[in-house]
Amino acid sequence: MAANTISLSISSNVAASKNLSSFQSPAFIAPPPTISFPAKSKPGELSLSSTTLSKSRVRAGASQLMNEPLNDQRSFSSPTVVEVDLGDRSYPIYIGAGLLDHSELLQRHVHGKRVLVVTNDRVAPLYLDKTIDALTRGNPNVTVESVILPDGEKYKDMDTLMKVFDKAIESRLDRRCTFVALGGGVIGDMCGYAAASYLRGVNFIQIPTTVMAQVDSSVGGKTGINHRLGKNLIGAFYQPQCVLVDTDTLNTLPDREMASGLAEVIKYGLIRDAEFFEWQEKNIEALLARDPAALAFAIKRSCENKADVVSQDEKESGLRATLNLGHTFGHAIETGFGYGEWLHGEAVAAGTVMAVDMSYRLGWIDESIVKRVNKILERAKLPTTPPESMTVSMFKSIMAVDKKVADGLLRLILLKGPLGNCVFTGDYDREALDATLRAFSKS
């Protein structure tokens, strides 16, 4: 049986900024790409190439963002909006500072008169009251219930999910209600899955409060929970009505969570946006320091990349799988080491190094890429090796039930070619995988 391989190559025609104090306009805005299908491909191989981002629509250009003073609040009159293009299920991603102070943004996406806010015990004291105010200000017909879950990946399970259903049923919420996810990736995934399942589907809104959620998990409709045998094995594709990214919520984010989220930002540059990666290399310290302009740009650019992929491949039939660079190794670390012991981005960072190492062993990338990946992750204060307790057998047993396994074949996302190119494939030398596992873990 021929293994399916998807090869993606995306590059931008725009220059990375040289430093944060002199962002140039227009930054990273480029024309739509061309998708080409070679006349001759290997059996079972689909090859796609693109020159830049395609379907994400930015209604407030980068010139508006990058020319503002670094310590200035953005004007609400022109928020950055990236659209996820899914036909009649398209939705906007609003990005900006202080968006929770503008009730009209949220209220235009609330269906019916009943709302359930799902959050956790870390986020609730910070932003629950502000969110309820944004949902109800000047709109007395709307009533809001809330459910506060325990914080952490280890609670992303069926028992905790039932607390959401309990609250919804006890409150007699009907099919016109709206669920609101207020928190990081765990809350977003669980609230989305609850919305997809409750009464066979109700509307929901994402308000992500971590870098990880703002640049990745809140966009694209992946929802679900973990199983003790594997991460995210139970879930559904279910799109929100909108994603509201209030960058002010990052002011209260712990440093470790900030660094964790940058793993997903770095991923976009490696797999499809080389010039974004080059910008990151110049600005990673500014991101860690929470420079407002740097963060706003990184979030916007990441959302454009994610929206573009989701618009082309919503259900992960091929192209969208490339967004999982490092995740197969990373999910094995999270499952094997214990959910919540490492943050998701920390596990993905170590997994990315392993995927890059394997790509190099296969002869698919230059050694310079290996060095650049290790260096930027170290500068981002992220781990570049898995926990010492992980063994080769642990990796293999957990990876065997990964969602990307098809007909018993483990398919991986690996880098191939110049920076910004990757493949999703099961057609690789198994000896290279074994060698990488042996290099990073005990036998």
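Okay, so let's go over this structure. Please read all numbers here as calculations on a predicted model, not as lab measurements. (Residues numbered from 1 in each chain as written. Predicted model: local features only at pLDDT ≥ 70, side-chain atom pairs only at ≥ 80, totals over all residues. Heavy atoms only, no water.)

Helix length check: helix α5 (residues 185–197), at 13 residues, gives a terminal C-alpha distance of 18 Å against a target of 18 Å (1.5 Å per residue), a fit within 8%. Buried residues dominate α5, accounting for 12 of its 13 residues. Considered for burial, the residues of α5 that qualify are G185, V186, I187, G188, D189, M190, C191, G192, Y193, A194, A195 and A196. Trailing α5 by a residue or two, L199 shows a phi angle of about 50°, which is positive. (Helix = DSSP H or I, 4+ residues; strand = E, 2+ residues; numbered from the N terminus. Expected span 1.5 Å × (residues − 1). Buried < 20%, exposed > 50% of the residue type's maximum accessible area, 1.4 Å probe, protein only.)

Contact geometry of helix α8 (residues 274–288) with helix α12 (residues 367–379) gives a least axis separation of 9 Å together with a crossing angle of 15°. Relative to α12, α8 is oriented roughly parallel. The interaxial crossing formed by α8 with α12 has left-handed handedness. Contact residues: α8 offers F277, E278, Q280, E281, I284, E285 and L288, while α12 offers R372, I376 and R379. A breakdown of the residues in the contact of α8 with α12 according to their chemical character gives four nonpolar, one polar and five charged. (Axes fitted to C-alpha atoms, helices over the stretch in contact; angles between N-to-C directions. Parallel < 35°, antiparallel > 145°, perpendicular 65-115°, else oblique. Left-handed = near helix turned anticlockwise from the far one by under 90°. Contact = heavy atoms within 4.5 Å. Nonpolar A, V, L, I, M, F, W, Y, C, P; charged D, E, K, R; others polar.)

On inspection of all chains with the given rule, the structure shows 24 salt bridges. Between K222 and E316 there is a salt bridge whose closest N-O contact spans 2.4 Å. With K222 in strand β10 (residues 222–227) and E316 in the loop between α9 (292–312) and α10 (327–337), the pair connects residues that are 94 residues apart, well separated along the chain. Residue classification places K222 among the partly exposed residues on the basis of a relative accessible area of 27%. As a salt-bridge pair, R438 and E431 come within 3.1 Å of each other at their nearest N and O atoms. (Salt bridge = Lys/Arg side-chain N within 4 Å of Asp/Glu carboxyl O.)

Before going further, it helps to spend a moment on helix α4 (residues 158–170). In this model α4 runs 18 Å from its N-terminal to its C-terminal C-alpha over 13 residues, within 8% of the 18 Å that 1.5 Å per residue would give. Residues T160, L161, V164, F165 and A168 constitute the buried set of α4. Along the axis of α4, the buried positions cluster into a sector of 155°, meaning they face one direction only. In α4, the exposed positions angled more than 90 degrees off the buried face are occupied by D159, I169 and E170. Summarising the contacts, the buried residues of α4 are in contact with β6 (114–120), β7 (143–149), β8 (178–183), α5 and β10. (Arc of directions from axis to C-beta.)

The buried count for strand β9 (residues 203–208) comes to six of six residues, which makes it a mostly enclosed element. Residue alternation in β9 divides its side chains into two sets, N203, I205 and I207 and F204, Q206 and P208, and both sets are buried. In this structure, β8 lies alongside β9, joined through six bridges in parallel fashion. Bridge pairing in β9 links F179 to F204. What joins β8 to β9 is α5, and the crossover it makes is right-handed. (Pairing = 2+ DSSP bridges. Right-handed = clockwise from strand over helix to strand, strands pointing away.)

A ring pair, where both rings are aromatic, is described by two values, the distance of the centres and the angle of the planes. If you walk through the whole model with that rule in mind, you get six aromatic pairs. Both rings, one in F179 and one in Y198, keep their centres 5.7 Å apart while their planes meet at 25°; by these two values the pair is stacked. In this pair, F179 is assigned in strand β8 and Y198 in the loop between α5 and β9, connecting sequence segments 19 residues apart. Overall, the relative accessible area of 0% leaves F179 in the buried class. The exposure class assigned to Y198 is buried, which follows from its relative accessible area of 7%. Taking the centre distance of 6.0 Å and the plane angle of 15° together, the rings of F204 and Y238 count as stacked. Linking F204 in strand β9 with Y238 in the loop between β11 (230–237) and β12 (243–246), this pair joins segments that are 34 residues apart in sequence. The class for F204 is buried, based on a relative accessible area of 1%. An aromatic cluster of at least three residues, connected via ring pairs, comprises F276, W279 and F297. Just above the ring of Y268 sits the side chain of K267; from NZ or CZ to the centre is 4.6 Å. A cation sits over an aromatic face here: K416 above W364, 4.5 Å from the ring centre. (Phe/Tyr/Trp six-rings, centres within 6.5 Å; stacked < 30°, edge-to-face > 60°. Lys NZ or Arg CZ within 6 Å of the ring centre and 35° of its normal.)

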